[in-house]
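One letter stands for each residue in the lines below.
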Amino acid sequence: MGSYLCLYLSHSFSKLSTLHRTANSLLSKSSSFFQHHRCSYSDRVVSASIDSREFRSTDLVALEYADLNLPYKDSGELGHVRIRQHVNPLSSSNIVPVQVPDWNEVYKDPTLPLMVDIGCGSGRFLLWHARRNNDSGNYLGLEIRQKLVKRAEFWVKELALSNIHFMIANATVSFKQLVSTYPGPLVLVSILCPDPHFKKRHHKRRVVQKPLVDSIVKSLMHGGKVFVQSDVLEVALDLRNQFDAELDALQHIDTIDPSVPCNEEGWLFNNPMGIRTEREIHAEFEGAKIYRRMYQKRYDSGMEI
């Protein structure tokens, strides 16, 4: 299953870039895609004894992303990046829409199909995909924590990638204006382990609110996908309810391809993205369950892109 969607990603990005240049037409038969770590809870270090040596979840993250060979010593300007657990997205500094970049300066080819990762955290998940699809797709990471974005951009330069960009942005405020100006098609949006904001009075701070869902559904090309997941059942149910409310325009992936394994409650058994996010690695190391859903925009939804 991991290869099922991962292979689809490479295939669909190259196919889409060709089709998009000629006219319309879109994504392919199978499904495949991503996931990521919002770094919402902190980089907790959990120790366990594995094969008689001390292992930590951070060691597993390093192993999973070893092929990126990312430098852990950043520029002197950044220093050690400490992750703040929670940021208030409704603070005055976070409710101002970001300036739309010149996409021609951001990407080598701004007409390529775009994936947006909302709450991209450290950016490793998105960097892994960008490196694997260097000539066939573009990647945009939106993150509210400034230091994480600065480090991610430092890594982009270190890897010499021209198909990925990170922005300090509150997606609730800025997603619509960013994707509406992008020249190419929006093929995938991922929202992975977003900050749960457990207290009821703080639910309004959750990133997935109806205006954002509406913008995602409207902006996706027909056949485009939304991938959501959380290790917190309450948050996963909220994500599910928000996107299930759009079933006139979306359908869950198992209704398109019955071979996609889901449990009796409709959660995907496996991560279809080819690699786990950092938060996912930490959570599974602790024995937590990950709740996943993937939707595809109907070709007959009638919604304009």
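Scroll up a little and you will see the structure.
Residues numbered from 1 in each chain as written. Predicted model: local features only at pLDDT ≥ 70, side-chain atom pairs only at ≥ 80, totals over all residues. Heavy atoms only, no water.

Student: Help me out: how do you make sense of unusual backbone geometry in this one?
Tutor: Phi at N69 takes a positive value of approximately 50°, unusual for a residue other than glycine. Along the chain, the position of N69 falls in the loop between α2 (57-64) and α3 (103-106). Given the relative accessible area of 65%, N69 is considered exposed. Positive phi outside glycine occurs at C193, with the angle close to 55°. The exposure class assigned to C193 is buried, which follows from its relative accessible area of 1%. (Helix = DSSP H or I, 4+ residues; strand = E, 2+ residues; numbered from the N terminus. Buried < 20%, exposed > 50% of the residue type's maximum accessible area, 1.4 Å probe, protein only.)

Student: Which parts of the structure should I look at to understand the packing of aromatic side chains?
Tutor: Working definition: an aromatic ring pair is given by the centre-to-centre distance plus the angle between the planes. Enumeration over the complete set of coordinates arrives at five aromatic pairs. With 6.1 Å between their ring centres and 90° between their planes, Y107 and Y182 make a pair best called edge-to-face. With Y107 in the loop between α3 and β3 (114-118) and Y182 in the loop between α6 (171-181) and β6 (186-192), this residue pair connects regions lying 75 residues apart in the sequence. The burial state of Y107 is the same as that of Y182; both residues are buried. In this structure an aromatic cluster arises from ring pairing among W103, Y107 and Y182. Positioned above the aromatic ring of W267 is the side chain of R240, whose terminal nitrogen or guanidinium carbon lies 5.0 Å from the ring centre. (Phe/Tyr/Trp six-rings, centres within 6.5 Å; stacked < 30°, edge-to-face > 60°. Lys NZ or Arg CZ within 6 Å of the ring centre and 35° of its normal.)

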